[in-house]
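Next come the chains, spelled out residue by residue.
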Amino acid sequence: MSFWYNQVPMEENFNSGHLACQGCGATIAMRFALKALGTNTVVVIPACCWTIIDGAFPAHAIKVPLFHTAFETAAVVASGIKSGLRIRGKGDVTVMAWAGDGGTFDIGIQALSGAAERNEDIIYVVYDNEAYMNTGIQRSSATPYGAWTTTTPEKHPEDRPKKNIMEILAAHSIPYQATATIAYPEDFIRKFKKARDIRGTRFIHVLSPCPPGWKIPSDVSVKVSRLAVETRVFPLYEIEDYGEKYTINYWPKGLPVKEYLKIQGRFRHLTEDRIEYIQQFVDRQWEKLVLKHKLSHGTLDNIPKNVIYR
Amino acid sequence: MKEKFGLHNLPEAPVTLETTLINKTGSWKNIQPVLQESTAPCTAACPAGIEIPLYFDMLIRGRFDEAAKILHESNPFPSITGRVCPHFCEQKCNRGYFDEAIGIRGIERYLGDLYLDKKWSPPDVTRDEKVAVVGSGPAGLSAAHFLRKKGYRVTVFERDQKLGGVLRYGIPDYRLPKDILDREIEALKREGIEFKTGVEVGKDISFEELKNSFDAVFFGTGAPLEREMRIPGEELFIKGVEFLKDVNTGKIKKFSGKVAVVGGGNVAMDVARSLLRLGATPVVLYRRTEKEMPAIREEVERAMEDGIEFKFLTLPVRAEKKNGKIELTNIKMKLGEPDETGRRRPIPIEGSEFTEEYDAVITAIGELADLSIFPEDLLNKKGWLDVDLRTTATKDDRVFAGGDLVLGPATVIEAIALGKRAAINIDRRINGLELKEFRPFEKVVEYKKIVLDYFMEEPRQKQPEVPVEERIRHFDVEEVGDYTPEQVQKEALRCFSCGHCNGCGTCWVFCPDMAIGWENDQPVFIYDYCKGCGICSAECPRDVIQMVQVRTF
Ligand SMILES: Cc1cc2nc3c(=O)[nH]c(=O)nc-3n(C[C@H](O)[C@H](O)[C@H](O)COP(=O)(O)OP(=O)(O)OC[C@H]3O[C@@H](n4cnc5c(N)ncnc54)[C@H](O)[C@@H]3O)c2cc1C
Ligand SMILES: Cc1ncc(C[n+]2csc(CCOP(=O)(O)OP(=O)(O)O)c2C)c(N)n1
Ligand code: SF4
Ligand code: SF4
Ligand SMILES: [Mg+2]
């Protein structure tokens, strides 16, 4: 058949009329997540763009219960809700904390670390748009090296590399971790379904393009997400067996990072030498990841290569 | 009654009461997507405008009947063009810039052959008017078919004993087996077209008589006259079209000796390649270089693979009979400025004459129409038939013309296209309607509009071929074979489907606003909620979704 997305359920658990900006990647991400998890799910959301996206009282966009909570508390509130449900005999309900990068890499990290260390039975998703977007594009520890934000203006752009949240979580020895991004719907949905069926703390890092924050036109969100993967800035991989087994899901084309950077206004000021610096950083990170895959599998041959990865 | 909460009247524990569907966020936009198919470059390049991506789509979905109907709607003889067409489509195929052009002609041949013996018959005679068609080449057969489909009674007049024109008496068997042609013609007979063979218009029946006994007449009499070289000794030469006719009727079964073939077009290639298969040693003499040869490129390549000798920049200037052989004197040429056809004009190099001995010389330097049957007032100042190519109408209201007769030596698919154009306009003329003028397609999908991220390099499927050393020993073994069903499927799947929605679902999958519904394998936009982000349009791999302005600020 000609339909390309047979692994994407037709089921829609998210209503139109939500309040996201045009072309919001975090919205596409939620759409895929709920297609995968189904309606037997509770979502916990701290302060972030998604607080707004879901709609203002009395309306609500996603077709499952959503609990709004304080900025730093997503992981702990989700753990609490899961316990409550379990005590009431509803242990089969999936509880998903869905937080921004600010709420995860920065202010929410202690709650997340606690939950992960206790191996709470929750899915924790960080939809990473690489800054505090809801409050006006301030930098977070997820903002990548070289990026412009309102607090890292062009004269003093971000001068620290992005925090490696996947490694921090891997150090907590949790059963399942994965990266995902919106340009790869089938990969995305497969990972959420897999996470749903595992018990314990599951952590998914979703790269989520933000048109106003990244200074891109609204129609290139998907393209920029795809370029993040193809340039190896954001590889698609999983960590299983309590932080032990690394699996690269797709071997990217390895396009120059410049392809990814040049279409985003937030990197426009970068000079060639800064771009080269970023390229070297990306290459080193990628090489380390490849070694981890090799260590886990004894081979690289099982990584899908030269395929259209959806 | 449900309590109505508001900002002034918040409940103790605020829980949502309704969905965001109350927010018609579609009001945020100033541009919105529309599904707007445009023309694929292959379709635009095909003289008959075959909707290639559309029928490929049906083929992929296994809807063979629909695929075949779409194909036959523009081209009733795909088994023929699927073998001999120069595939203008493939030359412009967008996939050609990516890896290799789609094997469109091979797919056409496959589908044509699949339906060769089970074509749909047109409606019964529903019209009182009768139309005559003169000539049973592809132009005449196409006109007859489409007129019959419109319900007219159609009679075809053909001066030869058998039907098909050049398809029968020109193109050799190893390229187009007669069996295929016969089966195409059988289908036309089943449609109820009346054929009168052995009737020459202008001799057995006059132009006036014909016009008076029919409501309209279509002329597709081709370009059967071989041009003359106008050099001394010309009477010693054999004319290419006549030679091929004798070969095709079986009159000539063997030919030996060294034979000069003068010319660089399709006729020259068929003559040379036929000679080789009949036992002779052909040498092609062409006055320009390989690059300027008007023959179908593939045919030139095949002739070279066959091992035929080519002498470029060579022009015969006189011939003499000596000891039973022909002494041919040639002059060497060089290329000068481009002429009106854009090809560089050959100029003789003084003093470069040389003489060679041949057993025979066959000329194929271009064919001309025979206009002697037409009354003066239908001709223009140059003495050619005055035809409006956009409509195929002549200066006489009841006379239409197409094919090589009006184009000069052209191609089968152009003849088919003009035959259809004539049928449409004969019908309109009979119904008292204004004629339909055909124009080139306007919105053609450019390569840069294809989103290449959705495609992977994949080699083109190859049709089987008889090895060269084998093929040059046979006349009636078709040298190129058919795709297998699997190959057809693979090849059709390589197609980008330029400008045609094939229901891939990419727009639907990425819409952040759930503003794309999915009905009948196609997207349906829900404008109440579409915010106009443009992702569907940017990601559609084949340029089917356009963003249009709906509001200005
Ligand atoms: C040798 C050769 C090889 C070719 N190879 C190719 C190829 O590979 N691919 C391609 O696309 N094209 C090829 N062509 C060109 C193609 O065959 C012609 O463009 C096409 O056949 C033209 O179709 P037509 O119907 O206009 O004329 P024709 O095919 O010439 O048919 C005209 C018919 O009208 C009949 N006729 C003429 N005068 C009268 C009359 N007064 N009364 C009754 N009947 C009459 C003739 O007998 C003939 O049957 C080739 C041409 C030749 C000569
Ligand atoms: C304790 C606390 N500090 C500050 C805020 C203000 N605030 C609300 S959302 C937000 C930014 C959230 O950024 P991130 O988590 O990256 O999510 P995004 O908005 O980018 O989606 C901030 C600073 C708050 N709600 N609570
Ligand atoms: S890719 Fe398909 S639709 Fe596009 S030009 Fe080639 S054959 Fe035609
Ligand atoms: S993305 Fe696919 S389904 Fe959508 S309009 Fe384009 S071809 Fe059709
Ligand atoms: Mg953020």
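Bear in mind the structure is a predicted one, so any value in this text is a computation, not a measurement.

About the thresholds
Residues numbered from 1 in each chain as written. Chains lettered and ligands numbered in written order. Predicted model: local features only at pLDDT ≥ 70, side-chain atom pairs only at ≥ 80, totals over all residues. Heavy atoms only, no water. Donors = N, O, S within 2.8 Å, 3.2 Å for Na, K, Ca; no water. Helix = DSSP H or I, 4+ residues; strand = E, 2+ residues; numbered from the N terminus. Buried < 20%, exposed > 50% of the residue type's maximum accessible area, 1.4 Å probe, protein only. Phe/Tyr/Trp six-rings, centres within 6.5 Å; stacked < 30°, edge-to-face > 60°. Lys NZ or Arg CZ within 6 Å of the ring centre and 35° of its normal. Axes fitted to C-alpha atoms, helices over the stretch in contact; angles between N-to-C directions. Parallel < 35°, antiparallel > 145°, perpendicular 65-115°, else oblique. Left-handed = near helix turned anticlockwise from the far one by under 90°. Contact = heavy atoms within 4.5 Å. Nonpolar A, V, L, I, M, F, W, Y, C, P; charged D, E, K, R; others polar.

**A word on the coordination of the magnesium ion (ligand 5)**
Residues and elements named next belong to chain A.
- For the magnesium ion (ligand 5), the full set of protein donor atoms is D101 (OD), N129 (OD1) and A131 (O), and the range of their distances to it is 1.9 to 2.1 Å.
- Look at where the donors of the magnesium ion (ligand 5) fall in the sequence and you get D-x27-N-x1-A. Taken as a pair, D101 in the loop between β4 (94–100) and α4 (102–106) and N129 in the loop between β5 (123–128) and α6 (165–170) lie far apart in primary sequence, 28 residues in all.
- For D101, a relative accessible area of 1% corresponds to the buried category.
- The class of N129 is buried, set by a relative accessible area of 6%.

**Considerations on the packing of aromatic side chains**
- Considering all chains together, one arrives at 34 aromatic pairs over all chains under this definition.
- A centroid spacing of 5.7 Å and a plane angle of 25° characterise the contact between A:W4 and B:Y454, whose relative ring orientation is stacked. Placement of the pair is A:W4 in the segment before α1 (25–37) and B:Y454 in the loop between α16 (412–430) and α17 (468–471), with the two residues belonging to separate chains.
- By relative accessible area, which is 19% here, A:W4 ends up buried.
- Ring centres of A:Y260 and A:F267 lie 6.4 Å apart, and the angle between their planes is 45°; on these two criteria the pair is classed as tilted. This pair shows no difference in class: A:Y260 is buried, exactly as A:F267 is.
- Just above the ring of B:Y169 sits the side chain of B:K245; from NZ or CZ to the centre is 4.9 Å.

**Topic: the packing of helix α2 (residues 52–60) of chain B against helix α18 (residues 485–494) of chain B**
Residue and element names in this part refer to chain B.
- Two elements in contact, α2 and α18, have axes separated by 9 Å at closest approach and are oriented at 130°. Classed by the angle they form, the pair α2 and α18 counts as oblique. Between α2 and α18 lies a crossing whose hand is left-handed. Residues F56, L59 and I60 of α2 touch α18, and the partners they reach there are V488, Q489, A492 and L493.
- Considering only residue class, the contact of α2 with α18 consists of 6 nonpolar, 1 polar and no charged.

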